[in-house]
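# Secondary and tertiary structure notes
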Amino acid sequence: MAARPFAPFALLAAAVTACGSPNTMRPATPDAADVAPPDAPTPDVAQDAPAPDAAVDAALDAALDAALDAAADAAPDAAPDAGAAGVQRVSGGSFAHTCAVLPTGGVRCWGVNDLGQLGVDRAQSRQQCRVPESDPARSLPCETTPRDVPDLTDVVDVAAGNGGTCAVKRDGSVWCWGANDAGQLGQGTSDAQPHGAPVQVTLPPASQVAYGAFHVCALLRDGAVQCWGTNQFAQCGVAPAMSDARCDPGDGITAPCLRRPRAVAGLTGVRALSAGRNHTCAVMSDATVHCWGLNDSAQLGNGMLEPDTRPRPEPVAVTGLTNVAQVAAGGSHTCAVLADGAVRCWGWNDLGQLGGARTASCTIGSSPPFQCAMAPAAVPELTGVAQLSAGRWHTCAVLRAGGVRCAGRNDEGQLGLGSASAETCSAFPDRFPCTRTFTATPAPAARAVTVGNYHSCGLMADGTVRCWGAGYYGQVGDGMTSNRQAPVATSNLP
């Protein structure tokens, strides 16, 4: 669907003015002993108004539904509108590739192609790219401008991960290509071979796909969720011991994995998904958020820190969070856009990826102390947000007015600020240029943003794509292999 103006606050305010009644949804109450003092969440609109009647409840539910639908259309996981001009959807992979859905329903990808993640065999790549600073002798197949994924049509959603990509077609079928070392293709196998051609995953009809680092989850049309791929930290919603195999995701160490899709038990009524590096989050039909997987940096938002030996396979409610329009799971942090355009973030913050959200010193086991928000904390400098995307070490948001703001690590220009950051952040034992406050990029008006580990891309209001940050594998898509401190136009896109 084409992006519509995002005005959920106006919708909610109109319903309250007309009906004089509150939203009746309430957050789950955590165990106080497990919760560090977070920023108090913004109260529901008209929270203290008199009790509603059925008609008022229905009006407010309709307003919130409209807000959620508007957020979905603004987000980069929105379905394309065949009559709209320009790119419909863009997704930045967590390593170094990017894919876009065209108005025709085709897909074009660019960046590194060592595992076939661009949808063509790596031997058919037109270029070789290298990073001289790290390994002058090593080069990888790549494409520095977008290239068609052959024979892939009628696509409405695409998600790029670490070495792999998946897409949803209009008929609800899910297709994946690229890495399969952790079973990411969902075919019941795992191997170290690249797979450049899309293969269909056996699933009921889906509406959205989310790709973390090495795991994939699909939101089915009936509101259920199925996941596959690496499951070392229960990011697939299954206890690691209940995984169907052990896979090697490229580092020589085997870990539990699911080589075929499996349902996340007890999870129904899901509206949207986001997959982080080792955790996954879902927006529910009541506009709350549930997360599962690794929680060693409080990325699940339930007020707890838990060692990597005790991941959470069962979805847990994020503390005190209601009226959510969109959620974005990153490396070890998570952020949510509320229906009124405010933002809450939680999890790890050593590199400033939570922006100005209030955090505290956290410890777990014998690890060095780090900054984190144990439960959702307000980001004071972000208001009127339409959509956001969380990467491994940085986060970017699109305002309703179209501006883009980013915060976090900035050593490769991934914040798009036009120049290197003067500030530095410490992530034991390293230091990196960073920005701890969401800061505007010099980009034209945007309707969506997507971020990878070291690069970011914006889908502009006119349907063009602009990218910034690391470009050594061509992931910026401007035909070059240099880093970009500010947004540049991606070539070969409508």
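Attention here is on the structure that accompanies the text. Predicted model only: the values in this text are computed from it and were never measured. (Residues numbered from 1 in each chain as written. Predicted model: local features only at pLDDT ≥ 70, side-chain atom pairs only at ≥ 80, totals over all residues. Heavy atoms only, no water.)

### Comments concerning the overall build of the protein chain
When helices and strands are counted, the protein chain shows 2 helices and 32 strands. The contacts of the protein chain with a sequence gap of at least 6 include a subset with a gap of at least 24, amounting to 57%. Surface summary for the protein chain: the accessible area is close to 17,400 Å², and the carbon and sulfur share equals 53%. (Helix = DSSP H or I, 4+ residues; strand = E, 2+ residues; numbered from the N terminus. Contact = heavy atoms within 4.5 Å. Areas by Shrake-Rupley, 256 points an atom, 1.4 Å probe, with all protein chains shown as cover.)

### Quick notes on the sheet that holds strand 30 (residues 455–460)
Reading across the sheet, the 4 strands line up as 29-30-31-32 and stay open at both edges, with antiparallel pairing between neighbours. Bordering the open sheet on either side are strand 29 (446–451) and strand 32 (484–489), each of which pairs with just one other strand. The average angle at which neighbouring strand axes cross in this sheet is 20°, direction not considered. Sheet topology note: the strand 31 (residues 465–469)/strand 32 ladder contains 3 bridges and is antiparallel. Bridged to C467 within strand 32 is V488. (Pairing = 2+ DSSP bridges. Axes fitted to C-alpha atoms, helices over the stretch in contact; angles between N-to-C directions.)

### Let's talk about the state of the cysteines
Enumeration over the complete set of coordinates arrives at 11 disulfides. Residue pairing for C281: its cysteine sulfur links by disulfide to C291, the two sulfurs lying 2.1 Å apart. Here C281 and C291 share a disulfide; its torsion about the S-S bond, 110°, makes the bridge right-handed. Here the residue C281 occupies a position in strand 16 (residues 279–284), and C291 occupies one in strand 17 (residues 289–293), the gap between them amounting to 10 residues. In terms of burial, C281 and C291 fall into one category: buried. Just so you know, C236 is unpaired, no disulfide at all, and the nearest cysteine sulfur is the one on C227, 5.3 Å from it. (Disulfide = S-S within 2.5 Å. Buried < 20%, exposed > 50% of the residue type's maximum accessible area, 1.4 Å probe, protein only.)

### Focus: unusual backbone geometry
A cis geometry characterises the amide bond from F428 onward to P429, with omega recorded as 0°. One can find P429 in the loop between strand 27 (424–427) and strand 28 (430–440). At D151, a residue that is not glycine, the phi angle is positive and equals roughly 60°. Locating D151 in the fold gives a position in the loop between strand 5 (139–148) and strand 6 (155–160). When its relative accessible area of 77% is taken as the criterion, D151 is described as exposed. At A298, a residue that is not glycine, the phi angle is positive and equals roughly 70°. Within the element layout of this structure, A298 appears in the loop between strand 17 and strand 18 (312–317). Judged by relative accessible area, A298 falls into the buried class, the value being 0%.

### Quick look at the packing of aromatic side chains
Within a pair of aromatic rings, the relevant descriptors are the distance that separates the centres and the angle that separates the planes. If you walk through the whole model with that rule in mind, you get 3 aromatic pairs. An angle of 50° between the planes, with centres 5.4 Å apart, marks the rings of W393 and Y454 as tilted. Of this pair, W393 sits in the loop between strand 24 (385–390) and strand 25 (394–399) while Y454 sits in the loop between strand 29 and strand 30, and the two are 61 residues apart along the sequence. A residue is classified by how much of its surface remains accessible, and W393, at 11% relative accessible area, is buried. One aromatic cluster in this structure is built from F95, Y472 and Y473. Over the aromatic face of W175 sits the side chain of K169, whose NZ or CZ is 4.5 Å from the ring centroid. Positioned above the aromatic ring of W393 is the side chain of R409, whose terminal nitrogen or guanidinium carbon lies 4.4 Å from the ring centre. (Phe/Tyr/Trp six-rings, centres within 6.5 Å; stacked < 30°, edge-to-face > 60°. Lys NZ or Arg CZ within 6 Å of the ring centre and 35° of its normal.)

### Section: the pattern of salt bridges
Under the definition given, this model contains 10 salt bridges. R89 is paired through a salt bridge with D157; the nearest N and O atoms lie 2.9 Å apart. Taken together, the residues R89 in strand 1 (residues 89–92) and D157 in strand 6 connect sequence positions 68 residues apart. Judged by relative accessible area, D157 falls into the buried class, the value being 0%. When the shortest N-O distance is used, the salt bridge between E143 and R126 registers 2.6 Å. Pair noted here: E143 is in strand 5 and R126 is in the loop between strand 3 (107–112) and strand 4 (127–130), with a separation of 17 residues, a long-range link. The class of R126 is exposed, set by a relative accessible area of 52%. Connected via shared salt-bridge partners are R126, E143 and R147. (Salt bridge = Lys/Arg side-chain N within 4 Å of Asp/Glu carboxyl O.)

### A short note on the side chain of S274
Its location among the elements puts S274 in strand 15 (residues 270–275). Exposure remark for S274: the relative accessible area of 12% places this residue in the buried category. A distance of 2.8 Å separates the side chain of S274 from the backbone nitrogen of A329, its partner in a polar contact. The contacts of S274, once residues within four sequence positions are left out, are A210, T280, C281, V327, A328 and A329. (Polar contact = N/O pair within 3.5 Å; in protein donor to acceptor, adjacent residues only side chain to side chain.)

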